[in-house]
Each structure stands twice: as C-alpha cells, then as structure tokens.
Amino acid sequence: LAKTTQPISMDSYEGQEVNITCSHNNIATNDYITWYQQFPSQGPRFIIQGYKTKVTNEVASLFIPADRKSSTLSLPRVSLSDTAVYYCLVGDIGTNAGKSTFGDGTTLTVKP
Amino acid sequence: DGGITQSPKYLFRKEGQNVTLSCEQNLNHDAMYWYRQDPGQGLRLIYYSQIVNDFQKGDIAEGYSVSREKKESFPLTVTSAQKNPTAFYLCASSWSRGADTEAFFGQGTRLTVV
C-alpha cells in the first residue's frame with residue numbers, strides 16, 4: 001500500500017506559481033498519481049493525473065520524476081479562488097480502490 | 001445533467017439509531033465508493049463496489065453497512081455499532097476498468113450524532 005506524504009499547509013500570493021509535492025516511496029508499477037482539489041464542505045474535484053514525466057492541462061501541471069517516488073503539482077499564477085485543500089491519490093482507484101491511498105492533504109492559502 | 005447526488009446534505013441523529021445516507025449517480029459508472037472525512041484529515045475508505053451486487057470493505061468498515069442492488073445507487077448505513085459516527089461522508093463513482101480513471105465525488109453529507 002503506497003503511503004503518501006504531503007506538506008500540511010502552504011501560503012502564497014496572487015499571481016505566483018505554487019508547487020505542492022507528494023512523496024510516495026512505495027508506489028506500485030501499475031499505480032497512477034491523481035490530484036484533487038477540495039473546498040470546504042464540498043466533495044473533492046479532479047485536477048490532473050499522470051503516470052510518469054510531465055502532464056499539463058488547462059489548470060495545472062504534474063511533474064513525476066523517473067523513479068516515481070514523488071510528484072509535484074504546479075499551479076501557475078494562483079488566485080484567491082485557488083485557496084483549498086489539495087490531495088494526491090496514489091493507486092488505481094478503478095480497479096483496486098482498496099489499495100489506493102489519499103494523502104492527508106495540503107491546505108493552500110492564497111493571499112492578496 | 002450528469003453527476004453524483006448525495007442526500008441529505010445535513011443529517012442529525014440520536015445516539016444508538018441507525019441512519020442511511022443516500023448516494024445516486026447517473027454517470028453510468030460501474031464503481032462506487034464511500035469515504036469518511038474528519039475535520040482537518042484526509043479521506044478514509046469505508047466500502048467500495050466495482051459491480052452490482054458486490055462490494056468490499058475498505059480501511060474503516062466496522063460499524064457501517066452498504067448494499068449495491070442497482071448500478072445507480074450505493075446507500076451507506078451507519079449503524080449504532082459505529083463508535084464515533086459524527087463526520088463528513090463522501091460518495092464517489094468511477095469507471096472500474098483501467099488504472100487511469102478519475103473519481104467523481106458528490107457534495108457530501110455531514111452527519112451529526114447527538
């Protein structure tokens with residue numbers, strides 16, 4: 001079971017780039033890395049997913065080194081509305097939810 | 001409008017009573033999940049189901065029960081055996097094939113037991 005470790009909290013200012021790292025030392029060969037965003041009293045929302053190297057979509061980038069023991073979510077030019085909790089999930093939830101692990105989340109606070 | 005619906009949003013129950021949380025999805029997903037979230041903590045898996053009429057225990061199944069009689073529905077019963085039931089409960093669904101799948105979450109049910 002891949003245990004994940006994330007920083008508990010991070011602060012940033014509007015317009016800056018934010019990088020949040022998740023450590024997952026015993027990631028399995030078939031595991032994907034998925035990041036979710038959660039606002040208070042709401043369900044998490046998918047941000048981005050990757051297996052290796054770099055993935056980019058319209059809201060974020062995900063960097064995964066060759067050994068896959070960590071991953072970094074990059075949010076370009078954050079705004080106040082990006083204040084939320086960010087979770088990394090390691091595993092293959094569709095085929096093996098019992099072995100997919102959410103991290104404890106990183107609370108990102110964006111200041112004006 | 002496709003999505004996953006949890007009801008009610010807030011639920012209050014007296015200690016010792018069983019309570020059932022509803023979760024319905026119209027995304028035609030095979031798999032459904034229940035997670036529990038406590039203040040300031042991450043998501044912990046209670047039960048999951050990858051196909052109708054089948055489900056598996058997650059990390060914290062004690063004191064909970066589920067059923068999956070229909071593809072669209074995955075209700076969770078919090079029984080009186082659950083020692084600390086007050087929490088935020090999240091239901092999710094996804095495809096069950098392929099490792100590169102994403103989970104779609106409902107808006108959650110906040111259960112308070114007094």
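See the structure shown above.
Residues numbered from 1 in each chain as written. Chains lettered and ligands numbered in written order. Predicted model: local features only at pLDDT ≥ 70, side-chain atom pairs only at ≥ 80, totals over all residues. Heavy atoms only, no water.

Chemist: Whenever I open this one, the environment of Q38(A) confuses me. Can you help?
Modeler: For Q38(A), the position within the fold is in strand β3 (residues 32-38). Sequence-wise, Q38(A) and S100(A) are 62 residues apart; in three dimensions their C-alpha atoms are separated by 18 Å. Residue contacts for Q38(A): discarding those within four places in its chain leaves G43(A), P44(A), A84(A), V85(A), Y87(A), Q37(B), L43(B), F88(B) and L90(B). A distance of 3.4 Å separates a polar atom in the side chain of Q38(A) from a polar atom in the side chain of Y87(A). (Helix = DSSP H or I, 4+ residues; strand = E, 2+ residues; numbered from the N terminus. Contact = heavy atoms within 4.5 Å. Polar contact = N/O pair within 3.5 Å; in protein donor to acceptor, adjacent residues only side chain to side chain.)

Chemist: Looking at this structure, how should I read the sheet that holds strand β8 (residues 76-78) of chain B?
Modeler: Pairing between sheet strands relies on hydrogen bonds along the backbone, with the strands arranged either parallel or antiparallel. Residues and elements named next belong to chain B. What the 4 strands build is an open sheet, ordered β1-β3-β8-β7; its pairing is antiparallel. Edge strands, defined here as strands with exactly one partner in the open sheet, are β1 (4-7) and β7 (64-66). Within this sheet the neighbouring strands show an average axis-to-axis angle of 20°, counted without direction. (Pairing = 2+ DSSP bridges. Axes fitted to C-alpha atoms, helices over the stretch in contact; angles between N-to-C directions.)

Chemist: Would you take a moment to explain the pattern of salt bridges for this structure?
Modeler: When the charged atoms of two side chains with opposite charge come close together, those side chains can pair. Residues and elements named next belong to chain A. Scanning all chains against the criterion turns up 4 salt bridges over all chains. A salt bridge links D11 to K111; the nearest nitrogen and oxygen atoms lie 3.5 Å apart. In this pair, D11 sits in strand β1 (residues 9-13) while K111 sits in strand β10 (residues 106-111), placing the two residues 100 residues apart along the sequence. Since its relative accessible area comes to 52%, D11 is described here as exposed. For K111, a relative accessible area of 32% corresponds to the partly exposed category. (Salt bridge = Lys/Arg side-chain N within 4 Å of Asp/Glu carboxyl O. Buried < 20%, exposed > 50% of the residue type's maximum accessible area, 1.4 Å probe, protein only.)

Chemist: Please clarify how the layout of surface pockets should be interpreted in this entry.
Modeler: Rolled over the atoms, a probe sized like a water molecule indicates the empty space that remains. When its volume is computed, the largest pocket comes out at roughly 340 Å³. Taken together, 17 residues make up the lining of the largest pocket; nearest its centre are V85(A), Y87(A), Q37(B), G40(B) and Q41(B). Among the residues forming the lining of the largest pocket, the class breakdown is 7 nonpolar, 7 polar and 3 charged. Looking at the second largest pocket, it is lined by 15 residues, and the ones nearest its centre are T101(A), F102(A), D104(A), L43(B) and R44(B). Counting residues per element, the ones that place at least two in the lining of the second largest pocket are β9 (101-102) of chain A together with β5 (43-51) of chain B. (1 Å grid on protein atoms, 1.4 Å probe; cavity = no way out; pocket = protein on both sides within 12 Å on 5 of 7 lines; lining within 4 Å. Points joined across faces, edges and corners; volume = space filled by probe spheres on them. Nonpolar A, V, L, I, M, F, W, Y, C, P; charged D, E, K, R; others polar.)

Chemist: Looking at this structure, I do not really get the interface of chain B and chain A. What am I missing?
Modeler: A common way to express how large an interface is: the accessible area buried when the components associate. Residue-level contacts link 26 residues of chain B with 22 residues of chain A. A combined buried area of about 1900 Å² lies between chain B and chain A, and 53% of that area is made up of carbon and sulfur atoms. At the boundary of chain B and chain A, one finds 0 salt bridges. When contributions to the side of chain B that touches chain A are tallied by element, the ones reaching two or more residues are β4 (31-37), β5 and β9 (87-94) of chain B. Of the residues forming the side of chain B that touches chain A, the biggest block, 4 residues, is contributed by β5(B). (Buried area = accessible area lost by both parts, 1.4 Å probe.)

Chemist: I would appreciate a short explanation of the packing of aromatic side chains in the present structure.
Modeler: To describe a pair of aromatic rings, you give the distance between the ring centres and the angle between the ring planes. Taken as a whole, this structure holds 11 aromatic pairs over all chains when the rule is applied. A ring pair is formed by F102(A) and F105(B), whose centres lie 6.3 Å apart and whose planes are at 70°; its orientation type is edge-to-face. Within this pair, whereas F102(A) is found in strand β9, its partner F105(B) is found in strand β10 (residues 104-105), the two belonging to separate chains. In terms of burial, F102(A) and F105(B) fall into one category: buried. For the pair Y64(B) and Y89(B), a centre-to-centre distance of 5.9 Å together with 65° between the ring planes defines the contact as edge-to-face. Placement of Y64(B) in strand β7 and of Y89(B) in strand β9 is noted, with a sequence separation of 25 residues between them. (Phe/Tyr/Trp six-rings, centres within 6.5 Å; stacked < 30°, edge-to-face > 60°.)

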